There are 2 protein chains.
Amino acid sequence: MTSLPTATEIDPGTLTALLDGRWAKIRREIREQVADTRFREPYGLDVERHREQVLEQLHELARTGRPRLGFSAEYGGGDDVGGSITSFEMLAFGDLSLMVKAGVQWGLCGGAVQLLGTRRHHERYLRRIMDLDLLGCFAMTETGHGSDVQHLRTTATYDPAAQEFVITTPDESARKDYIGNAARDGQLAVVFAQLITAGEGRGVHAFLVPIRDEEGAAAPGVRIEDCGVKAGLNGVDNGRLVFDHVRVPRTALLNQYGDVAEDGTYSSPIESDGKRFFTMLGTLVRGRISVAGSAGSATKRALTIAIRYGERRRQFQRPDDSEEVVILDYRAHQRQLLPALAKTYALHFAQEELVAALHEIQSAGGDVDDRRQRELESRAAGLKAAATWHATETIQTAREACGGAGYLAENILPALKADTDVFTTFEGDNTVLLQLVARGLLTQYRDDFQDLSPLATMRFLAEQFMDAVIERTSARKVVERIVEASPGRDDEEALFDRAWQCRAFEDREEHVLDGVARRLRQATPENAFELFNEAQDHVLRAGRVHVERLVLEAFVAAIDRCDDPAAKGLLERLCDLYVLSNIEADRAWFMEHGRLTGTRAKAIVAAVNDLCGELRPHARTLVDAFAIPEQFLAAPMLES
Amino acid sequence: MTSLPTATEIDPGTLTALLDGRWAKIRREIREQVADTRFREPYGLDVERHREQVLEQLHELARTGRPRLGFSAEYGGGDDVGGSITSFEMLAFGDLSLMVKAGVQWGLCGGAVQLLGTRRHHERYLRRIMDLDLLGCFAMTETGHGSDVQHLRTTATYDPAAQEFVITTPDESARKDYIGNAARDGQLAVVFAQLITAGEGRGVHAFLVPIRDEEGAAAPGVRIEDCGVKAGLNGVDNGRLVFDHVRVPRTALLNQYGDVAEDGTYSSPIESDGKRFFTMLGTLVRGRISVAGSAGSATKRALTIAIRYGERRRQFQRPDDSEEVVILDYRAHQRQLLPALAKTYALHFAQEELVAALHEIQSAGGDVDDRRQRELESRAAGLKAAATWHATETIQTAREACGGAGYLAENILPALKADTDVFTTFEGDNTVLLQLVARGLLTQYRDDFQDLSPLATMRFLAEQFMDAVIERTSARKVVERIVEASPGRDDEEALFDRAWQCRAFEDREEHVLDGVARRLRQATPENAFELFNEAQDHVLRAGRVHVERLVLEAFVAAIDRCDDPAAKGLLERLCDLYVLSNIEADRAWFMEHGRLTGTRAKAIVAAVNDLCGELRPHARTLVDAFAIPEQFLAAPMLES
């Protein structure tokens, strides 16, 4: 191990350039623009005032033209999907209600019109949505069905005589629930419903349904309720929608993947109902990716605040000195914040890579093979789960690290906590998402399983699954080069050998996945549910360790791109901390499976302690490198 | 292992009787009284309305006479310390702002007057405080000193000419901060300040300082600020107090442990400044015990809600059935909630035992030996840390287990989360508290270390510490009987052998503590801080595993008291789950130290899975046994 340069020798700007990555220009523009405007903190506002303020800010945002980035140039968009996701991520440094409301309007509603609709919808709606002349909702979730969207129960029955669909909520548990923009502002909703034509159900499709008239009154047959106060995100007007035989024209069906002719004949380019459904959902992957990025921004903001506070706050004298100790000098405090900071960097680079992959796939038009699309969805699901759980944990840690001061609204952390809390369960419940990741690995993203629910799939894995195939992300090449160049080693120093670390993550993933496959192979139609249920924590672990491997590889590849030696040295150490604190937390597994001896495991605990001490002087540099606009960090506890 | 009776055979009432314990009568009275009044949910109220509502409720509470329980009969109190703590615990099933405001008024302010003051203060103030004719504050924490109260910087300088103390805030970092009741309602504050007389500092003492006049205006020389909106507990008016040469009479000093004569001569029954300070703090241990109990109540409420929801909510079909699965039938869901439920039971019994110990000691008058008092303080500190971290984690888990519905204010969980969040850092930061626990163990609660700060103490442990002595709590005897009656065994079944389990917890505690002592013994005056800092995570672990052993023993003793065979069988299984999920989470340590083989460790993971499945049918019984008044569980998501 070479020693690190002193903290002052490392310019946070060098790290910022690396972090900013491919969409650096957009990041810089947004920082400059934010610096010119006065950020209005939402705390202390009541719900109604908060909603008003967020709507005003949404209009300001529309005027910047940036929300056009993700739409096709044909309708005045920017044809820049990656840039669009990046701008959501930057928006998430501020009031998260604004980020979510923007996400509903442009990401979910606008995205559905663009990707599930066809020319007739694009021409009529896209500009108005981009410019906020039309406010939209994305009405998928129902009170009774959140995770299991395939079984939602709102119906859209085609009436050939009138050439209309009749949208109906059969009972209260089928009402649309938690719908952003519904309670106050939305005019048009993308409503997901079971399409029925000629007496036959064709599965879930999306329909454009006006929910309010020009004056803001509920449209005929539409009942709108307010979800009321929430734990956070109170600047977003979530509501409930109940449809009582609401009629919309035949052309209100977003008909990219399925259409109904005037006479009621159904047609679709995709034969299987299940595959069609997952293809439709898959196009909406942007939402999950944006949530992962936004969770990252909130985490960075919390860590920046907590580390700045930890460098100012003093408590208890040293026994050999009358001076009180800066709390970030305590090992326990470092242990709370620095491994979380290392993981935040790792997740940042994984997110950057995911956004690039999305950008390539969605910019390629329709010419993407199914497997690539499905790998993307799986990575999005996994990273969304990892990033949002990390946000919940880290923001909580940051609050505790700031004591009573961290509990005051003026010091920002309470809103970060409350607003991000729902990220772990919206846009896909994390536990369900990790199971999707595991399913993807086990089926190797093959088509034949698209029809099946997660539970059903497991039953069919028996003979099919051979060996885990590590897929080739762009980061993967770098890792392979490093691993191949290194001799296998197993001495004490090996803990800091990147090749050893990468192999350890890979080996864990393969072993866990093989074990899951072996267990599920025992399934028969009779015991399938029980067998799956017994193995559920094993399945979740498979999803988790897979994501951890991908995240490490992204971190390694990013370090490889860094050409400033001092910055690179610092990142190498930070990556060691990411790896070793991960193995430390999971060292029981490594010991149980003969991968680590007890002595080795203890050495890892000691190494994490040492790395915390070594990185402590660089903590400020590492958070300053996030380059969060100062006005988002204006906590009074950092000023006095 | 014998199999459990079916769930319907076990009457939750039997468990309730055991849980209700020694102060069952008070618990029942409060339940009945609550059933008669309409609970007013605070969500949706703005800060000002919420504060008003809580003040009204505080007056209603005063009218019940129950707040008198903890005060001496001589002044109209109930002389029932344990009953008083129990009634705070019950209060914490409702709006936690009310519990905290009551705690400030009667526990902290009233407690300080009773325990630190003398007859002159008791006669003048106690009745008015009990009846809420006088609203009080407890002004200890300063902006710059929270955990390190010994070094707070407000001064009280005695002026013999006027026979007055002059209370002064030397600078902004010495302002009193986060003081409950200060921003709006408080009239009198117990102010902790450095006593200076005849030019000499005598350490921290408490003074009664009027902060508002009859009309509610700030008293001359007192500046009052509002801490504003907080993450939660917004029904409590926390504020800041700044004193500019505020004069109070000599008799305003709460002079139980130190007095100043008219001529300025200082006298105290306790020679050492440090010991006097800790003795004064020690009398205030009730606050921490109440917080631990309240954290328990909030946890029980969250678990009851999440488990009821988990029994109603269905998602995804079984592969072999068209019926959707109740989510509590999923192993992953059980894993989230059931070990948390087992720990909640364990902590409940430990809390009950702690309250009884407090009651015995404080009812004994002054005749308590120092060691017993210090053991009590240490257990209070440790249990407060364990119970509040458990609350934060479990309420978060409960929220996630209820998905989007759990994020709506109407479904209660958001307020529970937000309100309890600060529990981990107020009334003693948990990390600091665990270090106090470890210090107590290492010094064996001896007097000679009372003078020293946690850091300084560590330096002196070198030769002193011999072997960990397991102290004799009342639960301890039961455990010793069980352990002695059992042959040492090490087969597979041993995992479920209570004697093996108790030995495993004991052995871990002793080993960790010995290790810490060995490390700290290396200290020299030059390296003391660094050495302590390197060992800090080890020190914290010593505190943690000590508390875990105490908690287990309390659980074991409680089961021993249960004479209903069915209920007892259920509790035995629940205790297995508490033990084995604890060892599971810490199994790396057991393997590293040769206590478990890898095979054994895997068997523990499997056993936790099995226990979750086995206890699943009893989950509802176990939460119903908490007997939380139904109006505190009226979440709409549990009704539709």
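Quick caveat, the model's predicted, so the values are computed rather than measured.

Cut-off values and rules
- Residues numbered from 1 in each chain as written.
- Chains lettered and ligands numbered in written order.
- Predicted model: local features only at pLDDT ≥ 70, side-chain atom pairs only at ≥ 80, totals over all residues.
- Helix = DSSP H or I, 4+ residues; strand = E, 2+ residues; numbered from the N terminus.
- Rg over C-alpha atoms; globule rule 2.2 N^0.38 Å.
- Buried ≥ 20, exposed ≤ 12 C-beta atoms within 10 Å, placed from the backbone.
- Contact = placed C-beta atoms within 7 Å.
- Pairing = 2+ DSSP bridges.
- Axes fitted to C-alpha atoms, helices over the stretch in contact; angles between N-to-C directions.
- Nonpolar A, V, L, I, M, F, W, Y, C, P; charged D, E, K, R; others polar.
- Parallel < 35°, antiparallel > 145°, perpendicular 65-115°, else oblique.
- Core = buried A, V, L, I, M, F, W, Y, C linked by C-beta atoms within 7 Å.

Caption draft 1: Summary view of the overall build of chain A. Looking only at helices and strands, chain A features 21 helices and 13 strands. Its C-alpha radius of gyration of 25 Å places chain A within 12% of the 26 Å reference for a compact globule of 640 residues. Taken along its principal axes, the extent of the C-alpha atoms in chain A is 90 × 60 × 40 Å. Relative to its full complement of 640 residues, chain A shows a buried share of 55%. Look at the contacts in chain A between residues 6 or more apart in sequence, and 75% of them connect residues 24 or more apart.

Caption draft 2: Quick look at the sheet that holds strand β8 (residues 239-243) of chain A. All names here are of chain A. Overall, antiparallel pairing links the 3 strands, which are arranged β4-β8-β7 in an open sheet. Bordering the open sheet on either side are β4 (176-179) and β7 (222-226), each of which pairs with just one other strand. Averaged over all adjacent pairs, the angle separating strand axes in this sheet is 20°, with direction ignored. Of the strand pairs in this sheet, β4 and β8 are connected by 2 bridges, and their pairing is antiparallel. Looking across to β8, one finds that K176 is bridged to L241.

Caption draft 3: Up close: unusual backbone geometry. Residue and element names in this part refer to chain A. With a phi angle near 75°, N181 is a residue other than glycine that sits in the positive phi range. Relative to the assigned elements, N181 resides in the loop between β4 and β5 (188-197). On the basis of neighbour counts, which here come to 28 C-beta atoms within 10 Å, the residue N181 falls in the buried class.

Caption draft 4: Representation of the interface of chain B and chain A within the structure. Of the residues lining the interface, 65 residues belong to chain B; the matching set on chain A comes to 65 residues. Of the residues belonging to the side of chain B that touches chain A, the class tally is 25 nonpolar, 19 polar and 21 charged.

Caption draft 5: Inspection of the packing of helix α9 (residues 331-363) of chain B against helix α17 (residues 536-561) of chain B at higher detail. Residues and elements named next belong to chain B. Running from amino to carboxyl end, α9 crosses α17 at an angle of 90°, the nearest separation of the two axes being 8 Å. Put simply, α9 runs roughly perpendicular to α17. Residues Y345, A346, L347, F349, A350 and E353 of α9 form the contact with α17, whose own contacting residues are L550, V551, L552, A554, F555 and A558. In the contact of α9 with α17, the residues fall into 11 nonpolar, no polar and 1 charged.

Caption draft 6: Structural view of the packing of α9(B) against helix α20 (residues 598-615) of chain B. All names here are of chain B. The interhelical angle for the contact between α9 and α20, taken along N-to-C directions, is 85°, at an axis separation of 9 Å. Comparing the axis directions of α9 and α20 gives the class roughly perpendicular. The residues of α20 that touch α9, namely those facing R331, Q334, R335, L338 and P339, are V608, N609, C612, G613 and L615. For the contact of α9 with α20, a count of residues per class yields 5 nonpolar, 3 polar and 2 charged.

Caption draft 7: The arrangement of the nonpolar core in detail. With 399 residues, the main nonpolar core has V190(A), F207(A), F555(A), V190(B), F207(B) and F555(B) as its most contacted residues. Excluding its chain neighbours within four sequence positions, the residues that come into contact with F555(B) are Y345(B), A346(B), F349(B), C575(B) and Y578(B).

Caption draft 8: Up close: the sheet that holds strand β8 (residues 239-243) of chain B. Residues and elements named next belong to chain B. With antiparallel pairing, 3 strands are arranged side by side in an open sheet as β4-β8-β7. Both outer strands of the open sheet, β4 (176-179) and β7 (222-226), are each paired with one neighbouring strand and no more. Pairwise comparison of adjacent strand axes, ignoring direction, gives a mean angle of 20° for this sheet. Summarising the sheet, β7 and β8 pair through 5 bridges and their orientation is antiparallel. By the bridge assignment, R223 is partnered in β8 with V242.

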